[in-house]
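Next come the chains, spelled out residue by residue.
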Amino acid sequence: MSKIKQVFQNTDVHKALVTYITAGDPNLETTLELMHSLAANGADIIELGVPFSDPMSDGPTIQRAAERALANGVSLADVLETVRRFRQSNQSTPVVLMGYLNPIHKMGYEPFARAAKEAGVDGVLTVDSPIETVAPLHNALKAAGLDTIFLVAPTTGEARMAEIAKLASGFVYYVSLKGVTGSASLNTAEVAEKVAVLRRHVPLPICVGFGISDAESARQIAAVADGVVIGSRIVKEIEANPGREVEAAGKLVKSLKEAI
């Protein structure tokens, strides 16, 4: 059983807290410390962003994080090495790489899948890999025993939901609003309606992200979803607390976990 599946089958975890940070922001050593802090303060799954120069789905906060990481020269290989180091003392917290197809394509799908598995990655979410073209990556990940996480948008129709369900594993990430990460117009009632429709087609756990910025919004989303994804809010906390990133992010994550 995958680590991701175990999270949602764990009776002690009523709702999963999925936390996102960008690898290499502000640097790789701090990223490693942040990963341990997130896990220690209640993160059930860690999404580790692979920095990319053209992050089409990310808002200004995560764009700046990616820019800082790229300025540090952080590569996909560096991200995998950071996961490997994390696994030296944490074997239980699932790690999902989130990013874009270009760096993976450059490495090669099968070499990437093997390297990710060896490093200790549990799942991969590529924002710009729709179901029509995902087969080469999906097949490589499946062969390596890694989960393929898919996004579902507010505009996704039911027929497409059913197609996504055929390929997805681990969990499905429902994007709670039309826009980029960090947007603020969250409508919990609309999310609840869409999640209910999605459940008719997808047997996997459903995690909701985008626009969740505080404990109250996290609590509201947790009431209708299996997991809550927090990204921009954590990255913003890291950006605002130079030299105190680990402490600040850990404190925030603890409050979010308590809320859900």
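Definitions and cut-offs
Residues numbered from 1 in each chain as written. Predicted model: local features only at pLDDT ≥ 70, side-chain atom pairs only at ≥ 80, totals over all residues. Heavy atoms only, no water. Core = buried A, V, L, I, M, F, W, Y, C linked by side-chain atoms within 4.5 Å. Buried < 20%, exposed > 50% of the residue type's maximum accessible area, 1.4 Å probe, protein only. Helix = DSSP H or I, 4+ residues; strand = E, 2+ residues; numbered from the N terminus. Contact = heavy atoms within 4.5 Å. UniProt positions renumbered as here; feature names shortened; annotations may be inferred.

## Let's talk about the nonpolar core
Then comes step 1: Grouped together as the largest cluster of nonpolar side chains are 64 residues, with contacts concentrated most on Leu48, Leu97 and Phe112.
Then comes step 2: Tallying contributions element by element places helix α4 (residues 76-87) first for this core, with 5 residues.
Then comes step 3: Setting aside residues up to four positions removed in sequence, Phe112 forms contacts with Leu76, Leu80, Leu97, Ile104, Met107, Val124, Leu137 and Leu141.
Then comes step 4: The next biggest cluster of nonpolar side chains, apart from the first, holds 20 residues, and it includes Val7, Ile62, Met98 and Leu177.

## Observations regarding the environment of Arg68
Then comes step 1: Along the chain, Arg68 falls in helix α3 (residues 60-71).
Then comes step 2: Taking C-alpha positions, Arg68 is 26 Å from Leu17, a pair spaced 51 residues apart along the chain.
Then comes step 3: Each residue touching Arg68, except ones within four places of it in the same chain, is listed here: Asp25, Val235 and Glu239.

## A short note on the UniProt feature "active site" (unreviewed entry) in the protein
Then comes step 1: As annotated by UniProt and renumbered to match this structure, "active site" (unreviewed entry) occupies Glu47 and Asp58.
Then comes step 2: Sequence-distant contacts of Glu47, that is, excluding residues within four places in its chain, are made with Val18, Thr19, Tyr20, Ile21, Val96, Met98, Leu125, Phe171, Tyr173 and Val229.
Then comes step 3: Tracing the backbone shows Asp58 in the loop between β2 (45-49) and α3.

## Describing the environment of Thr82
Then comes step 1: Relative to the helices and strands, Thr82 is located in helix α4.
Then comes step 2: Residue classification places Thr82 among the buried residues on the basis of a relative accessible area of 4%.
Then comes step 3: Residues Thr82 and Phe171 lie 89 residues apart in sequence; the distance between their C-alpha atoms is 23 Å.
Then comes step 4: Discounting residues that sit within four places of it in the chain, Thr82 has contacts with Leu28, Thr31, Leu32 and Met35.

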